[in-house]
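# Chain and residue survey
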Amino acid sequence: MSDRSSVQPGKCSRVLTQKGFHNELVNKTKAFNKETKKLQSAIDKLYETFNNAENVGITEALKSVMLSKDVFENVVLSLRELSALDRWGESTEVKDTVNSTAAKFLQATDEAIHEAKRRLHLADEIIHAAGCKTTTSSVETSIRSGLHSSLKSEHRKALADAVAAKEQAEYKMIIARKINERKQLEAKEEHRRLTEKAQYEHVAILEAKKTEAIAKAKLDAIEQSITDDEI
C-alpha cells in the first residue's frame, strides 16, 4: 500500500517545463536580489544609529533588521525549493552563489543584531550605574569599551559590504549569462521553425507546379488528338 501521508488534500504537484522553470528562477532570483539590498540597507541604518552617543533609534532599527532577515530567509528558502525541481541544471551556478551570499549576509546580520543588543544592554547598565552613583571612571570605562567595539563593528560592516558587492556582481553576471543563453536558444528555435515553414512552402509550390504540368500535358495530348482526327 502506498504512503499518502505526504500528499496534502486538495493539492497536486506542479510540473514545470524548462521555460517555466527558467522564468520562475529569474523571478525568484530578482526577489532575492531585492531582499538582499533591503537587508543591507536595514543593516546600514542600524549601524548609523551606533554613531549616536545616546544610541537613539537602535530599537526601531533593530526591529527593521530582524524583519528584513525573516523575509530574506523566506526568499532564500523559496529559491532552494525551486532548485530542488531543476531537471536541466539551470540553477547550479545560481544556487551556489545564493547559498554563499546568504551565508555571508546572515552572518553579518547576526553580528549587527548582537552588537545592537549589546549596546542596548550597555546603555541600561550605564543608566543603572549613574542612578546608583557609580564612579565616573567606571562609566568612562564602559563608554570606552563601547567605542572600541564600535570600531570593530564598523570594520566588520565594511568587510561585509565589500563581500556583498563582489557576490552581487557575480550573481548578476550569472543571471545575465542565463538570460542570454535562453535568448539564443529561442532564436535557434525560431530559425528552425522558419526554415521548416520555408521548406514546406517550397514543397507545396513544387507540388502545384507538378499538378499544373500534368494537367497541361493532358490538355496538349487531347488537343493533338483532336487535330489528328481532323486531318
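What counts, and where the lines are drawn
Numbering of residues starts from 1 in every chain and runs along the sequence as written. Only residues with pLDDT of 70 or above have their local features reported here, since the model is predicted, and side-chain atom pairs are shown and tallied only from 80 upward, although totals for entire chains, interfaces and linings are computed over all residues. Water and hydrogen atoms were dropped before computing side-chain values, which therefore reflect all heavy atoms in the structure. A run of H or I in DSSP becomes a helix once it reaches four residues, and a run of E becomes a strand once it reaches two; helices and strands are each numbered from the N terminus. Note on classification: 1.4 Å probe, protein chains only; a residue is buried when its accessible area is under 20% of the maximum for its type, exposed when over 50%, partly exposed between these limits. Working rule for contacts: check all heavy atoms of both residues, and any pair within 4.5 Å makes them a contact. The method behind every accessible area is Shrake-Rupley, applied with a 1.4 Å probe, and residues are considered shielded solely by the protein chains displayed. Residue count minus one, scaled by 1.5 Å, sets the expected span of a helix. As used here, the term nonpolar core means buried Ala, Val, Leu, Ile, Met, Phe, Trp, Tyr and Cys residues forming a set that is joined through side-chain atoms within 4.5 Å. Here an axis means a line fitted to C-alpha atoms, over the contact stretch when the element is a helix, while the angle between two N-to-C directions is reported on a 0 to 180 degree scale. Orientation labels follow simple angle bins: below 35 degrees gives roughly parallel, above 145 gives roughly antiparallel, 65 to 115 gives roughly perpendicular, and whatever is left gives oblique. Less than a right angle of anticlockwise turn of the near helix away from the far helix marks a crossing as left-handed, whereas a clockwise turn marks it as right-handed. In this classification, Asp, Glu, Lys and Arg are treated as charged, Ala, Val, Leu, Ile, Met, Phe, Trp, Tyr, Cys and Pro as nonpolar, and every other residue, Gly included, as polar. Any carboxyl oxygen of Asp or Glu within 4 Å of a side-chain nitrogen of Lys or Arg constitutes a salt bridge here. By the counting rule applied here, Lys and Arg register as positive and Asp and Glu as negative, while His and the ends of each chain are not counted. Any pair of nitrogen or oxygen atoms within 3.5 Å is treated as a polar contact; in protein, a donor-acceptor pairing is required on top of that, and neighbouring residues in sequence qualify only through side-chain atoms on both sides. Known as pLDDT, the predictor's per-residue confidence is scaled from 0 to 100.

Take the overall build of the protein next. Check the secondary structure of the protein and you find 4 helices and 0 strands. Mapped from its N terminus to its C terminus, the protein presents α and β elements in the order α-α-α-α. Residues classed as buried in the protein amount to 27% of the 231 residues present. Sequence separation of at least 24 residues holds for 84% of the intrachain contacts in the protein that already meet a minimum separation of 6. Total accessible area on the protein stands at roughly 16000 Å², and carbon and sulfur atoms take up 58% of it.

Bringing the environment of isoleucine 179 into the picture now. Among the structural elements, isoleucine 179 can be located in helix 4 (residues 136-230). For isoleucine 179, a relative accessible area of 29% puts it in the partly exposed group. Separated by 157 residues in the primary sequence, isoleucine 179 and histidine 22 place their C-alpha atoms 8.8 Å from one another.

An ideal rise of 1.5 Å per residue puts 38 Å on 26 residues; helix 2 (residues 58-83) measures up with 37 Å between its terminal C-alpha atoms. Residues of helix 2 that are buried include every one of Ile58, Ala61, Leu62, Val65, Ser68, Lys69, Phe72, Val75, Val76, Leu79, Leu82 and Ser83, and no others.

With 28 residues, the main nonpolar core has Phe32, Leu46 and Phe72 as its most contacted residues. Listing elements by their share of this core, those giving two or more residues are helix 1 (18-50), helix 2, helix 3 (92-131) and helix 4.

Packing of helix 1 against helix 2 leaves a shortest axis separation of 9 Å and a crossing angle of 160°. With respect to helix 2, the element helix 1 is oriented roughly antiparallel. Note that helix 1 runs across helix 2; the crossing there is left-handed. A breakdown of the residues in the contact of helix 1 with helix 2 according to their chemical character gives 19 nonpolar, 6 polar and 6 charged.

What follows covers the pattern of salt bridges. Within this structure, the stated rule accounts for 8 salt bridges. With a shortest N-O distance of 3.9 Å, glutamate 35 and lysine 38 are connected by a salt bridge. Residue glutamate 35 and its partner lysine 38 are both found in helix 1; the two are separated by 3 residues, about one turn of the helix. On the basis of relative accessibility, which here comes to 12%, the residue glutamate 35 falls in the buried class. You can call lysine 38 partly exposed: its relative accessible area is 42%. Here glutamate 115 ties to arginine 119 by a salt bridge, and the two come within 3.0 Å at their closest N and O atoms. Taken together, the positions of glutamate 115 and arginine 119, both in helix 3 and 4 residues apart, correspond to about one turn of that helix.

Okay, the side chain of aspartate 86 next. Its location among the elements puts aspartate 86 in the loop between helix 2 and helix 3. One buried charged side chain, aspartate 86, makes no salt bridge at all; its nearest oppositely charged neighbour is lysine 95, positioned 7.0 Å away. There is a polar contact of 2.9 Å between the side chain of aspartate 86 and the backbone nitrogen of tryptophan 88. In this structure aspartate 86 touches Phe21, Ser91 and Thr92, once residues within four positions along its chain are discounted.

Attention now moves to the side chain of serine 68. Along the polypeptide, serine 68 turns up in helix 2. Not counting residues within four places of it along the chain, the set of residues in contact with serine 68 comprises Lys38, Leu39 and Ala42.

Moving on to the confidence of the model for the protein. With 72% of its residues at a pLDDT of at least 70, the protein reaches an overall mean of 78. Mean pLDDT values for the elements of the protein range from 73 in helix 4 up to 94 in helix 2. This stretch, residues 1-12, has a pLDDT under 50; its non-local contacts, to residues over four places away or in other chains, come to 0 contacts. Below a pLDDT of 50 lies the segment residues 133-137, which in the model reaches 1 contact outside its immediate sequence neighbourhood of four places, other chains included.

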